[in-house]
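Observations on chain architecture
Spelled out from the first residue to the last, the chains are:
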Amino acid sequence: MSALLMDLRRNRLMMSYLIVGGLILLILVAGGVLSDRFLTWRNVTNVLQQLIVLGLVSLGQTFVVLMGGIDLAIGSLVSAVTVFLANFLDWRPDLVWLAVPLALAAAAAVGAVNGILTVVLRVHPLIVTLGMSSVIFGGTLMYRKEPGGSIPRALEDIAYRNVGGIPVSAIVLVVVFAIAGLWLQRTRAGRNIYFVGGDAEAARLNGLAVGRITVMAYALSGLCAGIAGLFLTARTGVGDPRIGAALTLQSITPVVVGGTILAGGRGGVFGTFLGVLLVTMLNSLLNFVGVSSYYQWIIQGVIIIVAVGFHTVRRT
């Protein structure tokens, strides 16, 4: 019976992957027809450079959603990391070796606090992370209301350096997703996230430390947001207290489009990676045909509703 269920789940996931792959192919064809510049290597490189920030926040969101939670503090945390890095390095540009680990550790700690509050208070993570998002956003604005600060040239290179014509950031993203996928599938700690997401009470009765696994998933989400903030700072060269505002919604879109269900327990990082590719290429195509960013937000919202509705219908 369990083998049958696993086969069914694999088939459903495979169907999600095929649908997203087909949509990516459709965008490529549409882009080639609508613009003679869409399929040029210059635009391909540009799309690859844009993958890193959305990819990292979506990866963090995947850990949490697989466990049956959600992290709405991602966008504010990314903004706070950019402000911290740009202002710290504007003050002491020689202390990059200290600023980066501090920022990443603080981001992971914020994520862990989200997990601890969710476990201890037994409040839905939507409420906890929404409250944390407001705290971080308000605190960041109290420190800096406008974009500012600066970073050393060496840090900018991580956003724009290429190897063999391929952006280093894209290579980093592929490696990180591969490691995350192997960790989730091949290690006990990774598989425990699926167990908790599938049935937290059953996981607890089987001796799993559900609270510790929950805190770990949120800490990973915070760490991913911190690394995304690092790359965003390297790309823009400044700290902006509002730059991550749209990333919270954007981080959910690739997750649900890639087949990870919001109830938890099913999905994976491969689907999320395909979702990141789809959303990034769709945004690029919409920019080429002159669609306003406001309409792009509407389109992303519609994509989430359709994807969630699609997966819900298939489960029933």
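The preceding data block contains the structure.
On a predicted model such as this, the values are computed, not experimentally measured, just so you know.

Focus: the overall build of the protein
Summing up its helical and strand segments, the protein has 13 helices and two strands in all. Scaling as 2.2 N^0.38, a compact globule of 316 residues should have a C-alpha radius of gyration of about 20 Å, and the protein matches this with 19 Å. Its C-alpha atoms put the protein at 60 × 50 × 35 Å along the principal axes. Going through the 316 residues of the protein one by one, you find that 48% of them count as buried. At a minimum sequence separation of 6, the contacts of the protein that also span at least 24 residues come to 79%. Summing over all exposed atoms, the protein offers an accessible surface of approximately 15,200 Å²; the carbon and sulfur share of this is 69%.

Structural notes on a nonpolar patch on the surface
A cluster of nonpolar side chains, Leu25, Leu28, Val29, Val33, Leu34, Leu39 and Val289, forms an exposed patch at the surface whose accessible area comes to about 660 Å². Looking at the element boundaries, Leu28 is found in helix α1 (residues 2–34).

Topic: the pattern of salt bridges
Across all of its chains, the model carries four salt bridges by this definition. A salt bridge links Arg92 to Asp94, with the shortest nitrogen-to-oxygen separation between them at 2.9 Å. With a relative accessible area of 46%, Asp94 lands in the partly exposed category. Across the pair Glu201 and Arg204 runs a salt bridge whose closest N-O atoms are separated by 2.8 Å.

Re helix α5 (residues 125–143)
Given a rise of 1.5 Å per residue, 19 residues ought to cover 27 Å, and the 27 Å separating the end C-alpha atoms of α5 matches this to within 8%. Within α5 the residues assigned to the buried category are Pro125, Val128, Thr129, Met132, Ser133, Ile136, Thr140 and Leu141. Of the surrounding elements, those touching the buried residues of α5 are α3 (74–91), α4 (96–121) and α10 (210–236).

Points about helix α2 (residues 41–66)
An α-helix turns once per 3.6 residues; consequently, residues spaced three or four apart project the same way. When the terminal C-alpha atoms of α2 are compared, their 35 Å separation across 26 residues agrees well with the 38 Å that a helix rising 1.5 Å per residue should span. Of all bends in α2, the biggest is about 35°, found at Leu51. With 20 of 26 residues buried, α2 lies mostly within the body of the structure. Trailing α2 by a residue or two, Gly68 shows a phi angle of about 90°, which is positive.

Focus on the environment of Leu232
Locating Leu232 in the fold gives a position in helix α10. Taking C-alpha positions, Leu232 is 9.6 Å from Glu156, a pair spaced 76 residues apart along the chain. Those residues in contact with Leu232 that lie beyond four places of it in its chain are Val53, Val78, Thr82, Ile243 and Leu247.

How each quantity is defined
Residues numbered from 1 in each chain as written. Predicted model: local features only at pLDDT ≥ 70, side-chain atom pairs only at ≥ 80, totals over all residues. Heavy atoms only, no water. Helix = DSSP H or I, 4+ residues; strand = E, 2+ residues; numbered from the N terminus. Rg over C-alpha atoms; globule rule 2.2 N^0.38 Å. Buried < 20%, exposed > 50% of the residue type's maximum accessible area, 1.4 Å probe, protein only. Contact = heavy atoms within 4.5 Å. Areas by Shrake-Rupley, 256 points an atom, 1.4 Å probe, with all protein chains shown as cover. Patch = residues over 30% accessible without salt bridge, like charges linked within 9 Å, V, L, I, M, F, W, Y side chains within 5 Å. Salt bridge = Lys/Arg side-chain N within 4 Å of Asp/Glu carboxyl O. Expected span 1.5 Å × (residues − 1). Bend = angle between axes of the 7 residues up to and from the residue.

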